[in-house]
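Below are the chains, spelled out letter by letter.
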Amino acid sequence: MEIACQQVMTEDASVFSVQWTELQSAVANGLSAENLLSRYLGYIKKCSLALIRPTILISGIEFRLLGSRLSLISFLPPVATESFTTLRICGGFLVQPRQCDRGELRFGVEQLPESVRVSLQLSDFCPLILGSASPSIIRFWLYRMTQAAIHRLVTVRFLSMLYRELAGPAGRVKVVNVAVRTGKPV
């Protein structure tokens, strides 16, 4: 099983991160972007041992810390199209305060000629750790070693788990670096 992955800091110091895998069409039968989002929310709670609790509200979705009202990241309600469900970032502790109206997390289930591509894409995200449009090297490395590493680990493991649930036990998972956007690798 291969999972394609790219994480970069773009020119404006926002983060772009994408991970995807391709499944046989028969295996992905019935999988939708909305279903992918629902599975991801359950996975976040499970893999964080319920430290992070996705909370669905009328105003959107919040990733709350423990049982508190502290939202690590807040999203507007999901917007769905045929192949994608998108959550627009609108706030949270991990987001730069002046950049709360930027960024999105997109879940994709796209039919390809021979397979189905399942993807998670974070774009235009401005993490608090980076601090500004020109982060110091210390802030960059702190982000890279914490949030970026955790995000990559969680999404790769989520896609691996999804593959095993749909297709059965997978052999070895191979993460393949791809180049979708230009930027400084994180």
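This text goes with the structure placed above it.
These figures come from a predicted structure and were not determined experimentally.

Colleague: Can you lay out the overall build of the protein for me, pointing to particular residues and giving the numbers?
Modeller: The helix and strand tally for the protein stands at two helices and eleven strands. Counted from the first residue to the last, the protein has its helices and strands arranged as β-β-α-β-β-β-β-β-β-β-α-β-β. Here the C-alpha radius of gyration of the protein, 16 Å, is about what a compact globule of 186 residues would show, namely 16 Å. Looking at the 186 residues of the protein, the share that counts as buried comes to 46%.

Colleague: Tell me about helix α2 (residues 137–167), and name the residues and values.
Modeller: When the terminal C-alpha atoms of α2 are compared, their 42 Å separation across 31 residues agrees well with the 45 Å that a helix rising 1.5 Å per residue should span. Along its length, α2 reaches its greatest deviation from straightness, about 40°, at R144. G168 sits one or two positions beyond α2 and adopts a positive phi of about 95°.

Colleague: Can you tell me about the nonpolar core, naming the residues and giving the values?
Modeller: Generally speaking, nonpolar side chains in soluble globular proteins are found buried as a group. Of all hydrophobic cores here, the largest spans 40 residues; its most connected members are Y40, F63, F75, F107, V118, F125 and F158. Here this core gets nine residues from one element, more than from any other, and that element is α2. Once residues lying within four places of it in the same chain are set aside, the contact partners of F75 are S59, G60, I61, F63, L87, R88, I89, C90 and L105. A4, V8, V18 and W20 belong to the second-largest nonpolar core, a separate cluster that totals five residues.

Colleague: How would you summarise the pairing of strand β8 (residues 104–111) if you had to cite specific residues and measurements?
Modeller: With five bridges joining them, strand β7 (residues 84–91) and β8 adopt antiparallel strand pairing. Each residue of the ladder has a partner; that of T85, found in β8, is F107. Bridge analysis of β8 against strand β9 (residues 116–125) gives eight bridges, and the strand direction is antiparallel. Residue pairing across strands places L105 opposite L122, the latter belonging to β9.

Conventions adopted
Residues numbered from 1 in each chain as written. Predicted model: local features only at pLDDT ≥ 70, side-chain atom pairs only at ≥ 80, totals over all residues. Heavy atoms only, no water. Helix = DSSP H or I, 4+ residues; strand = E, 2+ residues; numbered from the N terminus. Rg over C-alpha atoms; globule rule 2.2 N^0.38 Å. Buried < 20%, exposed > 50% of the residue type's maximum accessible area, 1.4 Å probe, protein only. Expected span 1.5 Å × (residues − 1). Bend = angle between axes of the 7 residues up to and from the residue. Core = buried A, V, L, I, M, F, W, Y, C linked by side-chain atoms within 4.5 Å. Contact = heavy atoms within 4.5 Å. Pairing = 2+ DSSP bridges.

Everything listed here is a matter of coordinates, which is why it stays silent on function.
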